[in-house]
Amino acid sequence: MSAVDMFSQETSKFASLEALINALKQMKDDPLANAGTNVVISRGNPEAKLLLIGEAPGPEENVRGKPFVGRAGQLLDKILQAANFDPEKDVYITNSVFRMPPGEEGKAFRKPTDQEIEYYRPYVFEMIRLIDPRVILLTGNVACQSVLRKTGITSLRGKWSQLGGRWVMPIYHPSYLLRNPARDPGSPKAQMWDDIREVRKKYDELTAQN
Ligand code: URA
């Protein structure tokens, strides 16, 4: 099933964003329900025309109850601000998985499994429907897997596709940029700068129309 088909099938489950958020907060049968980590849902402006979808909360997010508030989140805010987006006013920020998957062998967390991504996907699509953004940014492979059912961020990044009338662009995950800090031409950081400028352009075009 394509992402667009899935989008139309997943509509009308929740009457409002508030109802969706309440359902997520009360989730008891999700695959991470017994992981001992907290439900972390979103931050930003629910009226925003730009929706950003990340991977899963990390340790800092698990404690503070908001997505992208650790080191990766600080870098994400700087990237958005560099393109003149106010992270609290112009963007709504959420994740593909709503609890931190706990790590093994001394690690605080691990990557979400395919099964976890699948489980939370309908909620992610409900979030898209209820926020009703014009532009969706998918940070990293997990968000691409959730929304586009595709991975391969180095080839997907910077390319627009359309999903139910919305514009979607995969971009690097800020954690990847923290691990690859070089700024020379062709580096992930330079590519991110190209991508976010494209996003600004598309956002301006779309929001100027009405
Ligand atoms: N990385 C994510 O993908 N999401 C967060 O909320 C924090 C770090």
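Details of the structure are given in the entry above.
Parameters and conventions
Residues numbered from 1 in each chain as written. Predicted model: local features only at pLDDT ≥ 70, side-chain atom pairs only at ≥ 80, totals over all residues. Heavy atoms only, no water. Near = heavy atom within 4 Å. Polar contact = N/O pair within 3.5 Å; in protein donor to acceptor, adjacent residues only side chain to side chain. Areas by Shrake-Rupley, 256 points an atom, 1.4 Å probe, with all protein chains shown as cover. Nonpolar A, V, L, I, M, F, W, Y, C, P; charged D, E, K, R; others polar. Core = buried A, V, L, I, M, F, W, Y, C linked by side-chain atoms within 4.5 Å. Buried < 20%, exposed > 50% of the residue type's maximum accessible area, 1.4 Å probe, protein only. Helix = DSSP H or I, 4+ residues; strand = E, 2+ residues; numbered from the N terminus. Salt bridge = Lys/Arg side-chain N within 4 Å of Asp/Glu carboxyl O. Pairing = 2+ DSSP bridges. Axes fitted to C-alpha atoms, helices over the stretch in contact; angles between N-to-C directions. Contact = heavy atoms within 4.5 Å.

*Asks:* Is there a simple way to explain the site of the ligand in this structure?
*Replies:* Near the ligand you find Gly-54, Glu-55, Ala-56, Pro-57, Glu-61, Pro-67, Phe-68, Asn-95 and His-173, and these make up its full shell. Contact distances for the ligand include 3.1 Å between a nitrogen atom and a backbone N or O atom of Ala-56. Between His-173 and the ligand, the recorded distance is 2.8 Å, taken from a side-chain N or O atom to an oxygen atom. When the ligand is considered free in solution it has 230 Å² of accessible area, and contact with the protein chains removes 93% of it. Of the residues assigned to the shell around the ligand, the class counts are four nonpolar, three polar and two charged.

*Asks:* Can you help me understand the nonpolar core in this one?
*Replies:* Most often, soluble globular proteins have nonpolar side chains that are buried together. Ranked by internal contacts, the top residues of the largest apolar core, which has 57 residues, are Leu-24, Ile-53, Phe-98, Met-127, Leu-137, Leu-138 and Val-147. Per-element tally for this core: the top contributor is helix 5 (residues 114-131), with eight residues.

*Asks:* Would you mind showing me how to read the pattern of salt bridges here?
*Replies:* For side chains of opposite charge, pairing can occur when their charged atoms come near one another. Following the criterion strictly, the structure yields 12 salt bridges and no others. When the shortest N-O distance is used, the salt bridge between Arg-43 and Glu-88 registers 3.1 Å. Here Glu-88 lies in the loop between helix 4 (71-82) and strand 3 (91-95) and Arg-43 lies in strand 1 (residues 42-44), a separation of 45 residues in the sequence. We classify Glu-88 as partly exposed; its relative accessible area is 46%. Put simply, Arg-157 and Asp-195 hold a salt bridge, and the shortest N to O gap is 2.8 Å. Of this pair, Arg-157 sits in the loop between helix 7 (153-156) and strand 5 (161-163) while Asp-195 sits in helix 9 (residues 188-208), and the two are 38 residues apart along the sequence. For Arg-157, a relative accessible area of 15% translates into the label buried. Each of Arg-43, Asp-77 and Glu-88 takes part in a single network of salt bridges with overlapping partners.

*Asks:* Is there a simple way to think about the sheet that holds strand 6 (residues 166-171) in this case?
*Replies:* Note: strands within a sheet are paired through backbone hydrogen bonds, in either parallel or antiparallel orientation. Pairing is mixed in the open sheet, where six strands are placed in the order 1-3-2-4-6-5. Of all strands in the sheet, those with a lone pairing partner are strand 1 and strand 5, marking the two edges. The mean angle between the axes of side-by-side strands here comes to 25 degrees, regardless of whether they run parallel or antiparallel. As judged from the four bridges shared by strand 2 (residues 50-54) and strand 4 (residues 135-139), these two strands associate in the parallel manner. Paired with Ile-53 across the two strands is Leu-138, which belongs to strand 4. Sheet contacts for helix 4: strand 1, strand 2 and strand 3; angle to strand 3, the most-contacted strand, approximately 150 degrees. Most of the contacts of helix 5 go to strand 3, to which it runs at about 170 degrees, and overall it touches strand 2, strand 3, strand 4, strand 5 and strand 6.

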